[in-house]
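# Survey of secondary and tertiary structure
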Amino acid sequence: MCIGQRTEAFLVVYFCSVQERTRRKELEEEMAEAATESHEDPSEEAEDLGPLEPDDSGTFQQVTNLLNIMESESTKTDTAGAGFDMRKRLASVIITEKATAEPSVVMNALIRCLQVPEISTQRKINIYNILQEIIQQEGELEERCVQRLVAIASKEMRDMLEMEGYMTAEVASDTLVALSRNHFSLVMYELQHHLKPLNLTEEFVIVTLAKLANGNVQAHVLSICSAQALRWAVGHGPPAGGEAQVGLLLVCPSVELTSPPPASPAQVCSRAPAQQQYSSQNLTEIVHCFIALARSYPKELMKFFLSQMEMSKEAVRVGTLALIRAVVSADEPKMNIRTIYLAIRVVKNTLSDTRSKVRMAILRIIGQLALSGFQDRIKGWGLKYVSVQLTLSTYKLTNRRDNFYQRDLEEKMVHKVTMDTVRIITSSVSGMTNEFWVRLLCYIMETDYTEALTPICVSLTNLAERQLHAKDEEANASKSRHVDLPAPQKLLARLLVLMSSPYKGEGRGIAMLNLLKTLSQSIAPSMADMWELEIPLLVKYLEEHTEFTWNQKTWEDKLIQFLRNSLKKTRGSNWSLRLSKELNNQIESFDSPSLEKGFLYRALGFTLATGLEADKVEVLLLELLYKTDYSNDFDREGVILCFGLCARGQVKTVLGVLHDFEERIQESEQSWQIGAWRKDHPWRRETVKGALMVMYSCVASYCHPQMLLIHVDNPITTKIIHHYSSSCQDICLKLAFMKSVVQVTDAIKNIKDLEDFQFAQKATLTGIIMAIIKAEPTDSLVSPVRTMAMDALSYLSKLKPFYPTEESSELMDISIHSVISLQPPGESNESIKTLYTNALHALEQLMEGLMQRHLDPKGLQEMVHLLEKWILSEKEWEREKAVNLYLHLMKIYVQSVGVCIPLKLGQFGSLVGLIAPGTCDSHRKTRLASMDVLASLLDLHASQTCSSWGASKELELEKCKEDLQGSDMEKIFSVSSSISKVACLQFNCDEVVSLVQKLCENFGAMDLQHDKASITWICTFLQMRVKELEDKVAEILGAILVHLPMVDHREVRHLLIEGILLLAHYHQETVLTALLRQPLPMESHLTEVWLAVAENVPFARTMLHALMGRLQARFTPRANAASKADIWRLAAVDPLMTLCTIHLLVERMDWDNRLLELFPDLVYTLLLQLGGSQTPEAVSPVLKTWRLIHTGTLPEEVNLQRVTIRSMQLLFRRLNSESLLCTLEEQGVWTLLESSSTFLQGVSQLARLCVQSPQGYYWQRLSELALRGMASEALSCRISSTAVCVEFMSDPILHREKLLKRAVLMLEKGAEQEDEVLRVLSLRALGNMALGAPRKVRQYRKLLLEKCLCSLRVPGVSASVTSEGLEVLAKVLVELREGDLGSAFNAISEQCRTFFDNENELLRLKAFILFGKLAQVVRISKKHFFKQEVKKAWVPLMLHCQDPCSDAAQVRHTWALCAMPRARCPHKEHVLRGYEHLPSLGRPCSIRRMGLCEQMTATCEQPVCWTSSSMALGVTCFLQTQKKPAVLYNFLLETMTYVKSNLSRIRIAACNLAGIIMKQMSAHYLKKLDFPALRNSLQELELDSDPGVWRAALETLNILDTCSQQRLLASPEGIS
């Protein structure tokens, strides 16, 4: 609400009251007179304004038109909506924008519009609004224009006759205010002109002045002048004008007084803008005026104050109350009691106002009354109001809201004023009522705003001391018996808890202690004497310290001791139980976390422990369980501590309460809806379970030892396990579980007389903790879970039953992995560093504790084995921690065991081999720790073996340790070598083996320095002890070879290879076997070994002989070993490794003539190996006598076939025959050899090309080897050799070398073998005799014909063998005559015809070819026989002209010429041409058997029916030559059997041929045909899936129907 509105409301009330008085008429006259003086003649004003300029007429007309629009639209806005209002606004904007260019012209035009007679009110309002916008827009205007506007607006403002005039006056006033911003002097001059002494000024003059006062920094000039005038009026006005003077005086505070008094935070009147700065001079003058009025007109003044208070405006009320306070505080002797009484009545009417400034003003008045000696006047209402405000302000401050900062500041101010008032009252008011005393006590008991506790306690102490010394104390007490005083236990509990933070609230601890001491007799008389002694000591402690120097725990211990001593004075009573209830009730009064609440839980636990009534203690504990917020860590820990402390004297009660609590909530265990009991903070299942676990362990920690042994297994530990196992097991629960285990086990361990106590739950707890450690991340440390877990294991390890060895090892392994893998934290992260240090310490303690139970060599070895992978870690922080832990354990072992138990055989070498390379570690601390471990091991070994280990050796090692502290790595390696030489003399042979094995095992585990250190130690030991290690060479060599691939550095590999060659110098067969038994693929390290072998050519040649012998040994019977060298020589090796070695040696050796002599043997050996790799025999033997390292599946190129072929290629390149190499590549020999399906074909081609090559002198040896291989017991060897022999049989070489007979005999045996491939190869080789030695065919014809016919006759023979027999017969028949065959001709012809209809295309083809060869061989003696054979085969031969195999169909010329009769045929030439045009259908036909069969391919064409006239004519002519109709009849019957053939082309040909035959048959034989059967057969073909078949069947059916009609016509019935 603006000041003008407030002034208006006041004046309305004021004038209404004035008109009711006798001076109503006088006032009207004065107002009329004032109006007459202020209103001059309109004509005179018009003359002063002056005429308009001539140029302004156009602007005036435009402005008038726009005003007309605005006025007309204003009347339509209510009915037409917002559209007309938009036009009105647009007109206003146009005028304002025009004023931007010509402000004076537009202003003059608007002023002229105001002077138009009978202008409407709305038009005036519109003009004034536009003028205000122009003034605000333009700033300073032309002075003449401003003067005219001020005069018009002032006149308009004072002519307020009715409501419309009121509206006009208001906008005129706003226009003057707008002008005052830049023309203040002109406006103020006009307004001051209308201010006259002792006359009431027009309303809007005052309103305008008020607006100016609020909006202009120069307004204080008016305020000062007006105030001085009013003060003069009050002092010199007429006696009867008191009421009027009061009214006038009140106008100024409500309008002008905006600055607060210097000493008061409340504003006397309305709020002023923040940027204004006022002088307090006007306020002082006004206050003096009111004091003067209070002396002269107290009743009228108070009535006016009362009327102002009824307005409910905060500024008015605050200003009025400030004036009342000034009146009360005035030191005026004439100020009587009646005035004070009236002032109090005015204040009481405002007590219900809740606004902050009003409340502060009332509180200041109450305090001022107490200070001014009116104490009796504030008793009752005043004290009650102060108490209420104390409570109210405290409540609001303790229940603050966000985003209400201003309100909080106001409430703090109210509270401060309230406390000042309380201080004033308690220090000045005597005979204070018990009601105020009780209210202050209740404030202490109930408030959460602790900042006020210190002054309240001081006030209460003062009041209490006054009451104790008051004479009427007893009388007052009797009158106050009905007052509900706080219980002593409640007050003591409250003060004790608050005193736990003694320096809060301006040092409340001392004030509360003094209050306790003063009230000691009232609280507990039995404690009074003790309090008189102990409270001063507590006060002294607080006085000696500050909030920065005191110790919280020490102070709490003092308070707890004070509480204990106090409770001792009340033994035998229920005082402690009542105190417990009060402490329990106060738990929710404090925030969490807080010092007060923490002490409260502790005090409650001690108090409950002393309770005598267990059932009531149980109720309190159960209530505490239910009301605790378990999600709050502080509350949860506080309750846990409380239960533990209570268990000191109430263990059974505590366990019973926990059990009862679990029983009550177990019904909701599935869903765990425990929140139903507590809506304010629902519980989470996990937090409750964690709290219960720690509660049980805390009970175990605090209860009596004897009670602990009774309850520790069940229920304490059982409940802990149950709650953890049935939870989600997050980090908080893990920590709670571990904490519980530690507390329980520590409590058990602290019992002195455990005797044979067995902790039954130890195994279960251990399993859970191990699972927790395993689940911890190994790359980060974010919680103390693993530390607490290892601590828990350490505690458990000390209890019976003790862990067995296996379980101890598992515990250590898990713990070591969990800690050593952690990376050290940075220097800046202190929290993680603490966790890291604690984890390392916990691991050492656990390892030490577990080792104490297994102090023997086995236990030591087990622990070192667990540390081994960490000692060899690539991360230096892991190595450092592992070596330090190794050293720690060694020290414990040496100190505990010493010489009592010697180390096992080989254990010393293994321990030294693990730590020895650490002497060259890149990390200095690790080097020194490794040296200490090594020295400790050497000292232990010397003491146990009584060896010559003296002080000189120890001094030498100390010197070496000093040298290891440097940073020069070359020097460090030299020092490590010296250490190895010192240590070498302490080793026996077995220890040397274990040392070398351990050093080799660790190759590649770390960096180069580690490997160099290892090889340094190995070389030193081999050089110094090689002659003593004859029986250990195999083990040492095995260790070196197995781990050689791990060595990456060339220098280290070179040193190891030298060691291998050194051993090979003495043990050649052992080294050879060991090298061959290394796993593949052959890595560069092993290649270097063989390269070193290849550099020595004589040794390499010997190695090649041995390698070929190893390969060929697979195809010969195994011999028995006669010596140790034979054992190694005959040991099984991987043929693939042997082949790789041969390839490497052949590639890297320097070849000479002596090496070329090995060429045939190498080729033959490789061929045998390649042939053997195609059979199951090729699987490598299982090597059980040597350790192999399998690195996974071998690469695709590393297999027997490919390695063998590459070796053969390399051998042929060594021949330096480019032509042979090119031919081998062009014909794809190597590709054929690589595939198992084409291997034998490749062998044949290779042998053929070798025979044809210029280097023929090498192949005599090869042929001898092949014949030898054909007699081998190994099938693969015989097959490969026979494949070679196949090609040699086609060349004169065997005949020339007189090896043919031997070869034929071997092939005869091969042809009789059961193996299909061997039979095929043998037959083929025999057939090739016709190529290599054709003259010898007749010599061996009987053998050849017998073996071939056997392949055709014997049932069950495979198709490939039969096919090969047919082909061999075709080859042999070329070299034989009809007479040479004898009876075999008939057998061959009959057997050949049986294969015409065979499903195998190859067999049909070979049979047709062989049949053609027989036709060429036949002469006069066999002519008739063969003619019959052709006749028997005529139908299949005719049909197979449509054979799917095109090659089979193309043999038609042979049988066509034979089938044509010798008689004359006029169409013979056409017939032959018909055969030429027979369509052929073929498809790829391949019969594959080890590459023995050829591959045939023919062009596929679509099936074509026999529709050509030449073909039909040819067949017809042939049929016409048959003079016997019965032949045609038989041909037809035989042809119809083919309609069910599996080949669709044959079925088509059968249909077509049957039709042709039926056309040539006579009527006589047509009658013999079974037409229904024929028709059924052909009709079945109509359902065939092949369209050609059912078309052919349909044509044949038509022919059949025609023939059937002919038969009917030819029959007598048909004629009739």
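The rules behind these values
Residues numbered from 1 in each chain as written. Predicted model: local features only at pLDDT ≥ 70, side-chain atom pairs only at ≥ 80, totals over all residues. Heavy atoms only, no water. Helix = DSSP H or I, 4+ residues; strand = E, 2+ residues; numbered from the N terminus. Buried < 20%, exposed > 50% of the residue type's maximum accessible area, 1.4 Å probe, protein only. Contact = heavy atoms within 4.5 Å. Areas by Shrake-Rupley, 256 points an atom, 1.4 Å probe, with all protein chains shown as cover. Core = buried A, V, L, I, M, F, W, Y, C linked by side-chain atoms within 4.5 Å. pLDDT = per-residue confidence, 0-100. Phe/Tyr/Trp six-rings, centres within 6.5 Å; stacked < 30°, edge-to-face > 60°. Lys NZ or Arg CZ within 6 Å of the ring centre and 35° of its normal. Polar contact = N/O pair within 3.5 Å; in protein donor to acceptor, adjacent residues only side chain to side chain. Expected span 1.5 Å × (residues − 1). Axes fitted to C-alpha atoms, helices over the stretch in contact; angles between N-to-C directions. Parallel < 35°, antiparallel > 145°, perpendicular 65-115°, else oblique. Nonpolar A, V, L, I, M, F, W, Y, C, P; charged D, E, K, R; others polar. Patch = residues over 30% accessible without salt bridge, like charges linked within 9 Å, V, L, I, M, F, W, Y side chains within 5 Å. Salt bridge = Lys/Arg side-chain N within 4 Å of Asp/Glu carboxyl O. Lys, Arg positive; Asp, Glu negative; His and termini not counted. Charge placed at Lys NZ, Arg CZ, Asp CG, Glu CD.

### Thoughts on the overall build of the protein
Helix and strand content of the protein: 83 helices and two strands. Every one of the 1616 residues in the protein was classed for burial, and the buried ones make up 54%. Partitioning the intrachain contacts of the protein with sequence separation of at least 6 by distance along the chain shows that 75% fall at a separation of at least 24. A total accessible area of about 74100 Å² is found for the protein, and carbon and sulfur atoms account for 51% of it.

### Some remarks on the nonpolar core
Counting residues in hydrophobic clusters, the biggest one holds 395 residues, and the most contacted among them are Phe 737, Tyr 886, Trp 1090 and Phe 1212. When sequence neighbours within four positions are dropped, the list of residues in contact with Phe 737 reads Met 693, Ile 720, Tyr 724, Leu 765, Ile 768, Ile 769 and Ile 772.

### Quick word on helix H70 (residues 1384-1393)
Along H70, seven of the ten residues are buried, which leaves the element largely enclosed by surrounding structure. Of the positions making up H70, those classed as buried are Ala 1384, Phe 1385, Ala 1387, Ile 1388, Ser 1389, Gln 1391 and Cys 1392. Looking at the buried residues of H70, the elements they touch are helix H67 (1341-1353), helix H68 (1359-1374), helix H69 (1378-1381), helix H71 (1401-1417) and helix H72 (1420-1432).

### Re the confidence of the model for the protein
Summary statistics for the protein give a mean pLDDT of 76 and a share of 79% for residues scoring 70 or more. Segment residues 1-55: pLDDT under 50, and 60 contacts once partners within four positions in sequence are set aside and those in other chains are kept. pLDDT under 50 marks residues 77-84. Its contacts with residues more than four places away, or in other chains, come to five contacts.

### Some words on the packing of aromatic side chains
Here the structure, examined in full by the defined rule, presents 13 aromatic pairs. The interplanar angle of 35° and the centroid separation of 5.7 Å between the aromatic rings of Trp 531 and Phe 562 together place this pair among those described as tilted. One end of the pair, Trp 531, is in helix H27 (residues 528-544); the other, Phe 562, is in helix H28 (residues 552-568), with 31 residues separating them in the sequence. Taking relative accessible area as the criterion, Trp 531 reaches 0% and is therefore assigned buried. On the basis of an interplanar angle of 15° and a centroid distance of 6.2 Å, the ring pair of Trp 1017 and Phe 1021 is categorised as stacked. Placement of the pair is Trp 1017 and Phe 1021 together in helix H47 (residues 1008-1025), with a separation of four residues, close to one helical turn. Each member of the pair, Trp 1017 together with Phe 1021, is buried. Looking at Arg 112, its charged tip hangs above the ring of Phe 60, at a distance of 4.1 Å from the centre.

### Thoughts on the environment of Glu 1197
Mapping Glu 1197 onto the fold places it in the loop between helix H56 (1159-1172) and helix H57 (1200-1214). Non-local contacts of Glu 1197, meaning those with residues more than four positions away in its chain, are made with Arg 1202, Val 1203 and Arg 1206.

### Observations regarding the side chain of Thr 208
Looking at where Thr 208 falls in the secondary structure, it is placed in helix H11 (residues 203-215). Owing to a relative accessible area of 0%, Thr 208 belongs among the buried residues under this scheme. Side-chain polar atoms of Thr 208 contact the side chain of Ser 173, separated by 2.6 Å. In contact with Thr 208, not counting residues within four places along its chain, are Met 157, Ser 173, Leu 176, Val 177 and Leu 191.

### Considerations on H68
Along its 16 residues, H68 runs 23 Å from first to last C-alpha, staying within 8% of the 22 Å computed at 1.5 Å per residue. Most of H68 is tucked away: 13 of the 16 residues are buried.

### Quick word on the packing of helix H32 (residues 633-665) against helix H33 (residues 685-702)
Angle between the axes and distance between the axes: these two values describe a pair of packed helices. Direction vectors running N to C along H32 and H33 enclose 95°, while the axes themselves pass 8 Å from each other. The angle between H32 and H33 places the two elements in the roughly perpendicular class. Class assignment of the residues belonging to the contact of H32 with H33 gives a composition of 20 nonpolar, three polar and three charged.

### Considerations on a positive patch on the surface
A cluster of like positive charges, contributed by Lys 299, Lys 303, Arg 338 and Arg 345, occupies part of the molecular surface. For the positive patch, the secondary-structure elements that each account for two or more residues are helix H15 (298-309) and helix H17 (337-348). By the secondary structure assignment, Arg 338 is in helix H17. Arg 338 sits in the exposed class, given a relative accessible area of 51%.

### Thoughts on unusual backbone geometry
With an omega dihedral of -5°, the bond running from Ser 592 to Pro 593 counts as a cis peptide bond. Inspection of the secondary structure puts Pro 593 in the loop between helix H29 (575-585) and helix H30 (595-609). Here the bond from Asn 714 into Pro 715 is cis, since omega is 20°, no more than 30 degrees from zero. You can see Pro 715 is positioned in helix H34 (residues 705-725). You will see that Gln 729, though not glycine, has its phi angle at about 60°, which is positive. Structurally, Gln 729 is set in the loop between H34 and helix H35 (731-749). The exposure class of Gln 729 is partly exposed, given its relative accessible area of 35%.

### A short note on the pattern of salt bridges
For the structure shown, the criterion picks out 36 salt bridges. Between Asp 557 and Arg 602 there is a salt bridge; the shortest N-O distance is 2.5 Å. Remark: Arg 602 occurs in helix H30 and Asp 557 occurs in helix H28; sequence separation between them is 45 residues. Given the relative accessible area of 18%, Arg 602 is considered buried. The structure contains a network of salt bridges with shared partners spanning Lys 553, Glu 556, Asp 557 and Arg 602.

### Considerations on the side chain of Ser 1280
Take Ser 1280: it is sitting in helix H62 (residues 1275-1289). With relative accessibility at 4%, the residue Ser 1280 sits in the buried group. Ignoring sequence-local partners within four residues, the contact set of Ser 1280 consists of Leu 1167, Leu 1168, Gly 1171, Phe 1239 and Val 1243.

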